[in-house]
Amino acid sequence: MPKPSAAPMILQTAEALLIEGGGTFEMKMVTDRAGVSEGLVYHYFKSKAGLLTAIVTSFYERYSEVANRHFDRDIPWLEREEARLRDVVRFLYEDPLSRIILGGLNRLPEAAKAEMDNRNDIAERSVRNIQSGQEQGVIPDEVNASITGPATIGAMNQAVMHALAQDPVPPQDEVATEIWRIIRGIVAA
């Protein structure tokens, strides 16, 4: 039976160090804490940029699992999307990488590209979601889904990041309620 890959453990270690370091870490720290050789880390990730790219990708996979969770289509669009928004805000509040990645972990071109690719995917899904609301007659046809979808996602992410930077941090339900109020106004629903 083959040994399980060390890649997930290395990735978890790097994520923890990135959080502890406020957005930075050294490869030596990863190898020391993970108890693996530098060569093994480079075998799996090729470079520090590759490891950062894997961290960004892993974060956005978790984000997408929450944001793209299937809801019963019989639930009215507004109710379904408010529940989705609250789930995403909860995720952003609870995942410690949110502050780092959405706060600008794009110092290395490879990590920036991974982040942009993932943000673009989320933006495209939000466009389709606005179009779905239009098809259901909840959102007026004159709302430009290509602009409104990404704008709502960007506004939500920025609002959560601003909230998380406050002292004290406002309750997540309060933040979600304010964001939902804005989104309802934007889509005129």
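Reading the values: rules and limits
Residues numbered from 1 in each chain as written. Predicted model: local features only at pLDDT ≥ 70, side-chain atom pairs only at ≥ 80, totals over all residues. Heavy atoms only, no water. Helix = DSSP H or I, 4+ residues; strand = E, 2+ residues; numbered from the N terminus. Buried < 20%, exposed > 50% of the residue type's maximum accessible area, 1.4 Å probe, protein only. Contact = heavy atoms within 4.5 Å. Areas by Shrake-Rupley, 256 points an atom, 1.4 Å probe, with all protein chains shown as cover. Core = buried A, V, L, I, M, F, W, Y, C linked by side-chain atoms within 4.5 Å. Axes fitted to C-alpha atoms, helices over the stretch in contact; angles between N-to-C directions. Parallel < 35°, antiparallel > 145°, perpendicular 65-115°, else oblique. Left-handed = near helix turned anticlockwise from the far one by under 90°. Nonpolar A, V, L, I, M, F, W, Y, C, P; charged D, E, K, R; others polar. Expected span 1.5 Å × (residues − 1). Salt bridge = Lys/Arg side-chain N within 4 Å of Asp/Glu carboxyl O.

**Student:** For the overall build of the chain, give the residues involved together with the corresponding values.
**Tutor:** A tally of regular secondary structure across the chain gives nine helices and zero strands. Mapped from its N terminus to its C terminus, the chain presents α and β elements in the order α-α-α-α-α-α-α-α-α. Per-residue burial for the chain yields a buried fraction of 43% across its 189 residues. Sequence separation of 24 or more characterises 67% of the internal contacts of the chain that already satisfy a separation of 6 or more. Carbon and sulfur atoms make up 54% of the accessible area of the chain, which amounts to about 10,300 Å² in all.

**Student:** Tell me about the nonpolar core, and please be specific about residues and values.
**Tutor:** Counting residues in hydrophobic clusters, the biggest one holds 46 residues, and the most contacted among them are Phe25, Leu51, Ile55, Phe59, Tyr63 and Val160. Top element by residues in this core is helix 4 (residues 48–67). It accounts for nine residues. Those residues in contact with Tyr63, other than ones at most four positions away along the chain, are Val88, Phe91, Leu92, Ile122, Ile153, Met156 and Asn157. Formed by seven residues, the second largest nonpolar core is a distinct cluster that contains Trp77, Ile130, Ile139 and Ala145.

**Student:** Residues and numbers for unusual backbone geometry, please.
**Tutor:** A cis amide bond links Asp167 to the next residue, Pro168, at an omega of 5°. Along the chain, the position of Pro168 falls in the loop between helix 8 (145–164) and helix 9 (172–187). The phi torsion at Lys46 lies on the positive side, around 70°, for a residue other than glycine. You can call Lys46 exposed: its relative accessible area is 62%.

**Student:** Could you give me a rundown of the packing of helix 4 against helix 5 (residues 77–94), with the residues and numbers involved?
**Tutor:** It is the contact of helix 4 with helix 5, at a shortest axis distance of 9 Å, that shows an interaxial angle of 155°. Between helix 4 and helix 5, the angle falls in the class roughly antiparallel. Helix-helix and strand crossings are classified by hand; for helix 4 and helix 5 the assignment is right-handed. Along the contact surface, helix 4 presents Phe59, Arg62, Tyr63, Val66 and Ala67, while helix 5 presents Arg84, Asp87, Val88, Phe91 and Leu92. Its residues assigned to classes, the contact of helix 4 with helix 5 shows seven nonpolar, no polar and three charged.

**Student:** Lay out helix 8 in plain terms, naming residues and giving numbers.
**Tutor:** At 3.6 residues per turn, the α-helix brings residues three or four places apart onto the same side. The end-to-end C-alpha separation of helix 8 is 28 Å, in line with the 28 Å expected for 20 residues at 1.5 Å each. Buried within helix 8 we find Ala145, Thr148, Gly149, Thr152, Met156, Asn157, Val160, Met161, Ala163 and Leu164.

**Student:** Could you give an account of the side chain of Ser98, with specific residues and numbers?
**Tutor:** As for its placement among the helices and strands, Ser98 is situated in helix 6 (residues 97–101). Sequence-distant contacts of Ser98, that is, excluding residues within four places in its chain, are made with Phe59, Phe91, Leu92, Gly103 and Met161.

**Student:** So, the pattern of salt bridges: which residues are in play, and what are the values?
**Tutor:** The tally for this structure, following the rule as stated, stands at 13 salt bridges. Residue Glu20 pairs with Arg33 through a salt bridge whose shortest N-O separation is 2.8 Å. Of this pair, Glu20 sits in helix 1 (residues 7–20) while Arg33 sits in helix 2 (residues 27–34), and the two are 13 residues apart along the sequence. For Glu115, the salt bridge is made with Arg119, and the minimal N-O distance between the two is 2.8 Å. Taken as a pair, Glu115 and Arg119 lie in helix 7 (residues 109–135) at a separation of four residues, close to a single helical turn. Given a relative accessible area of 4%, Glu115 falls into the buried group.

Everything listed here is a matter of coordinates, which is why it stays silent on function.
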